[in-house]
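Chain residues, written in single-letter form:
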Amino acid sequence: MNHLPPSISHKVHPTALNARTVSRLLEVEFDDGKRFELPFELMRVYSPSAEVRGHGEGQEVLQIGKRLVSITGIEPVGNYAIKPIFTDDHSTGIFTWEYLYWLGTHQATLWQDYLARLQAAGYAGETGRDAIPAAKTGSKCGS
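Heads up: these notes are all about the structure in this document.

What counts and how
- Residues numbered from 1 in each chain as written.
- Predicted model: local features only at pLDDT ≥ 70, side-chain atom pairs only at ≥ 80, totals over all residues.
- Heavy atoms only, no water.
- Phe/Tyr/Trp six-rings, centres within 6.5 Å; stacked < 30°, edge-to-face > 60°.
- Pairing = 2+ DSSP bridges.
- Helix = DSSP H or I, 4+ residues; strand = E, 2+ residues; numbered from the N terminus.
- Axes fitted to C-alpha atoms, helices over the stretch in contact; angles between N-to-C directions.
- Contact = heavy atoms within 4.5 Å.
- Expected span 1.5 Å × (residues − 1).
- Buried < 20%, exposed > 50% of the residue type's maximum accessible area, 1.4 Å probe, protein only.
- Polar contact = N/O pair within 3.5 Å; in protein donor to acceptor, adjacent residues only side chain to side chain.
- Core = buried A, V, L, I, M, F, W, Y, C linked by side-chain atoms within 4.5 Å.

### Side note on the packing of aromatic side chains
- One pass over the structure, following the stated rule, counts 6 aromatic pairs.
- Linked through ring pairs, Phe30, Phe36 and Tyr101 together constitute an aromatic cluster.

### A short note on the sheet that holds strand E1 (residues 14–20)
- The 3 strands are arranged E1-E2-E3 in an open sheet whose pairing can be described as antiparallel. With one partner strand each, in any of the chains shown, E1 and strand E3 (35–39) form the two edges of the open sheet. Across the sheet, the mean angle from the axis of one strand to that of its neighbour is 15°, orientation sign disregarded.
- Across 5 bridges, the pairing between strand E2 (residues 25–30) and E3 is antiparallel. Along E3, the bridge assignment pairs Leu26 with Leu38.
- Each of E1, E2 and E3 touches helix H3 (residues 97–105); the most contacted strand, E3, lies at about 85° to it.

### Topic: the sheet that holds strand E6 (residues 95–96)
- Overall, antiparallel pairing links the 3 strands, which are arranged E4-E5-E6 in an open sheet. Each edge of the open sheet carries a strand with a single partner, namely strand E4 (71–77) and E6.
- As defined by bridge partners, E4 adjoins strand E5 (residues 81–86) across 6 bridges and the pair is classed as antiparallel. Its bridge partner being in E5, Glu75 is matched across the sheet by Lys83.

### Examining helix H4 (residues 107–120)
- The terminal C-alpha atoms of H4 lie 20 Å apart, and with 14 residues this matches the ideal 20 Å at 1.5 Å per residue to within 8%.
- Here H4 has its buried residues at Leu110, Trp111, Asp113, Tyr114, Leu115, Arg117 and Leu118.
- Positioned one or two residues after H4, Gly122 has a phi angle of 100°, which is positive.

### Comments concerning the environment of Lys66
- By the secondary structure assignment, Lys66 is in the loop between helix H2 (50–53) and E4.
- Separated by 35 residues in sequence, Lys66 and Tyr101 place their C-alpha atoms 21 Å apart.
- Setting aside residues up to four positions removed in sequence, Lys66 forms contacts with Glu41, Arg44, Val45, Asp88, Arg129 and Pro133.
- Of the polar contacts made by the side chain of Lys66, one reaches the side chain of Asp88; its length is 2.6 Å.

### Observations regarding the nonpolar core
- Core analysis: the largest hydrophobic core is formed by 30 residues, its most contacted members being Phe30, Leu38, Met43, Tyr46, Phe95, Leu100 and Leu103.
- Of all the elements in the fold, those that place two or more residues in this core are E2, E3, helix H1 (40–45), E5, H3 and H4.
- Among the elements that take part in this core, H3 stands out by supplying 6 residues, more than any other.

### Observations concerning the pairing of E5
- The loop that links E4 with its antiparallel partner E5 comprises 3 residues; one of these, Gly78, has a positive phi angle of about 55°.
- As defined by bridge partners, E5 adjoins E6 across 2 bridges and the pair is classed as antiparallel. By the bridge assignment for E6, Ile82 is matched with Phe95.

Spelled out as structure tokens, the structure:
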């Protein structure tokens with residue numbers, strides 16, 4: 001994921017946060033007036049967790065079959081982040097306010113990057129969004 005846009009360098013604070021489970025969007029507003037609607041799928045495939053990002057450059061794990069992923073809960077992490085609980089049991093991503101802002105700011109670029117990575121992995125069109133992930137083996141990261 002070294003080809004992604006640079007992270008934001010200024011502090012942001014949310015003024016509103018709303019998970020829309022029917023449309024599968026996280027609405028988040030910030031103190032600078034910016035408002036984003038982040039698809040749960042985008043959040044899941046760009047989760048900042050080691051399970052998705054790996055432990056170093058080149059260890060990223062392409063997420064497939066996440067088109068219909070939803071969020072069943074959101075836990076606060078101090079005053080700086082949230083931890084969404086996804087319907088595929090993924091719950092290790094800590095989404096800071098800056099990271100959510102970054103996702104919102106670069107949403108279109110990130111989406112195109114994701115689709116390109118799916119196609120590079122051999123999924124025609126958007127079929128990777130519906131693919132059935134292989135069963136996990138071994139232990140989870142951090143356990």
